[in-house]
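As a plain string of letters, each chain reads:
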2 protein chains.
Amino acid sequence: MDRQMISIPEPTLRRLPMYHHYLKNLRTKGLETVSCTYMGIELNLHPPQIRKDLAFTGVRGAPKIGYKIEALLRSIEEFLGWNHVDEAFIVGVGNLGKCLIKYEGFKQYGLKCVAAFDIDPKVIGKKIGDIQVLPLDKLIELSTRMKIKIGIITTPRTSAQSVADLMIRGEIKGIWNFASINIKVPNNIILQNEDIAPGFAVLSKKLQLIIQSGELGQEVQK
Amino acid sequence: MDRQMISIPEPTLRRLPMYHHYLKNLRTKGLETVSCTYMGIELNLHPPQIRKDLAFTGVRGAPKIGYKIEALLRSIEEFLGWNHVDEAFIVGVGNLGKCLIKYEGFKQYGLKCVAAFDIDPKVIGKKIGDIQVLPLDKLIELSTRMKIKIGIITTPRTSAQSVADLMIRGEIKGIWNFASINIKVPNNIILQNEDIAPGFAVLSKKLQLIIQSGELGQEVQK
């Protein structure tokens, strides 16, 4: 990991989309400035934490006025690279793949799926939304030619590693893996895993504890 | 938050499903025991971290032998409450809702969607997989009667808060929110937000830095 990366905490990176989403809402309501104190109440975060997070994008608030919402939105977008479009390939056109291809949110993050791949002859050649499903064996050639940098994996678990290997041979640099399995990539490849199991583990354990407390007639102390 | 909860770090809870998944794979391969050292190499984690995480489930390894895989699997399942079935309601039958209803993984986590709800007359009365789509105004009555404890929100952002409010009136205790928006719930309700935007923020920023380093002819130091 390079030095600049180490200096940006991952929790900060993960919170920036939330600030962005919240600020867009404020703009819709006609507001032009916002303070960390106000944001802190609405987002249930400590104002100094918000200030620190936003400073990473290079923007600073003015005393007693706060942040200019428009400037702050642009600053977050620029920092996260959302102000230019990254083209991506997606592999695996099952339920999850289709759901992601149709996901409206990608546009605002500057992500555009330009082609989908599968090995199933029943889906190859079909269109999902605007994009065509191509045979997987075209991936390496096309991604190299089109200089695609992002690959999204929505295959069954058993295929995820071999698809990642193909992507890397196709010069893809960042892999977004939704296949709920650990895949291995070389050090110069960015791997981001998305999985709903960890979230559910947190929910179900907390729920178990809260219900047990209820059954024992105890009040859960928050 | 009660005392027992504070003592279980959330990162530990989030890693347990990964161990579980990995151990199931080992079992499939016919292995009966595993050491933290071996797991550490395979999962790219420090062995003492793994030992600490697994100790929360109440299981300890034997020196030079390691853990019995079968016992460890059962211990994780019991700890996370996956050994009994939680019934859940899901609200919002768009692409994401359909995708989650059909998601095979829920079964292994002990989660079962027993009904779906929507306000769109075009989907009400239809079946998605095994489950029926019901009108949203039946939610409170049904969830109270069926003692449903988990509600899954897959609506558009604009409806998420009002759906959460309905769930709480229907005595649901845990809300799993996929609507990419902050919702507010009372302290005695467990809220777990799932959103792919934070993951993409991490991926796109790391990618931006790695590509910039490449353009500058520098090697990214990992």
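Residues numbered from 1 in each chain as written. Chains lettered and ligands numbered in written order. Predicted model: local features only at pLDDT ≥ 70, side-chain atom pairs only at ≥ 80, totals over all residues. Heavy atoms only, no water.

Draft legend 1. Molecular detail of the environment of Q108(B). With respect to the helices, strands and loops of the structure, Q108(B) is situated in helix α7 (residues 105-108). Along the backbone, Q108(B) and G92(B) are 16 residues apart, and their C-alpha atoms lie at a distance of 23 Å. Ignoring sequence-local partners within four residues, the contact set of Q108(B) consists of R157(A), H20(B), K24(B) and W82(B). (Helix = DSSP H or I, 4+ residues; strand = E, 2+ residues; numbered from the N terminus. Contact = heavy atoms within 4.5 Å.)

Draft legend 2. Highlighting the relation of the copies chain B and chain A. Of the transformation placing chain B onto chain A, the axial shift is 0.0 Å and the rotation is 180°, giving an RMSD of 0.0 Å. One copy is carried onto the other by what is essentially a two-fold rotation axis. Relative to the rotation axis, the C-alpha of C99(B) is the closest in chain B, positioned 3.4 Å from it. A shared interface surface links the copies, since 100% of the contact residues of chain B are contact residues in chain A too. (Least-squares fit on C-alpha atoms with pLDDT ≥ 70 in both.)

Draft legend 3. Layout of the packing of aromatic side chains. Under the counting rule described, the total for this entry stands at twelve aromatic pairs over all chains. Geometrically, the ring pair formed by F89(A) and F117(A) is tilted, given 4.8 Å between the ring centres and 55° between the ring planes. Residue F89(A) is found in strand β3 (residues 86-91), and its partner F117(A) is found in strand β4 (residues 111-118); the two are separated by 28 residues along the sequence. The exposure class assigned to F89(A) is buried, which follows from its relative accessible area of 0%. When its relative accessible area of 0% is taken as the criterion, F117(A) is described as buried. Joined through ring pairs, the aromatic side chains of W82(A), F106(A), Y109(A), W176(A), F178(A) and F200(B) make up one cluster. The side chain of K205(A) reaches across the aromatic face of F79(B), ending 3.8 Å from its centre. (Phe/Tyr/Trp six-rings, centres within 6.5 Å; stacked < 30°, edge-to-face > 60°. Buried < 20%, exposed > 50% of the residue type's maximum accessible area, 1.4 Å probe, protein only. Lys NZ or Arg CZ within 6 Å of the ring centre and 35° of its normal.)

Draft legend 4. Fine view of the packing of helix α2 (residues 10-28) of chain A against helix α4 (residues 47-55) of chain A. Residues and elements named next belong to chain A. Packing of α2 against α4 brings their axes to within 10 Å, and their N-to-C directions diverge by 95°. Classified by the angle their axes make, α2 and α4 are roughly perpendicular. On α4, the residues touching T12, R15, L16 and Y19 of α2 are Q49, I50, D53 and L54. Its residues assigned to classes, the contact of α2 with α4 comprises four nonpolar, two polar and two charged. (Axes fitted to C-alpha atoms, helices over the stretch in contact; angles between N-to-C directions. Parallel < 35°, antiparallel > 145°, perpendicular 65-115°, else oblique. Nonpolar A, V, L, I, M, F, W, Y, C, P; charged D, E, K, R; others polar.)

Draft legend 5. Representation of the interface of chain B and chain A. If you look at the interface, chain B gives 67 residues, while chain A gives 69 residues. Here chain B packs against chain A, burying approximately 6500 Å² in sum over the two surfaces, 66% of which is carbon and sulfur. Counting across the chain B and chain A interface gives two salt bridges. For the salt bridge of K206(A) with E10(B), the shortest nitrogen-to-oxygen distance reads 3.6 Å. (Buried area = accessible area lost by both parts, 1.4 Å probe. Salt bridge = Lys/Arg side-chain N within 4 Å of Asp/Glu carboxyl O.)

Draft legend 6. Focus on the sheet that holds strand β8 (residues 174-177) of chain A. Residue and element names in this part refer to chain A. Across the sheet, seven strands lie side by side as β5-β6-β4-β3-β7-β8-β9; this open sheet has mixed pairing. Where the open sheet ends on each side, the last strands, each with one partner, are β5 (127-128) and β9 (190-193). Where β5 and strand β6 (residues 131-135) come together, two bridges link them in antiparallel fashion. Bridge pairing in β6 places I128 opposite I131. Running at roughly 170° to strand β7 (residues 150-153), helix α9 (residues 157-169) makes contact with β3, β7 and β8 of the sheet. (Pairing = 2+ DSSP bridges.)

The quantities given are spatial measurements derived from coordinates; they are silent on function.
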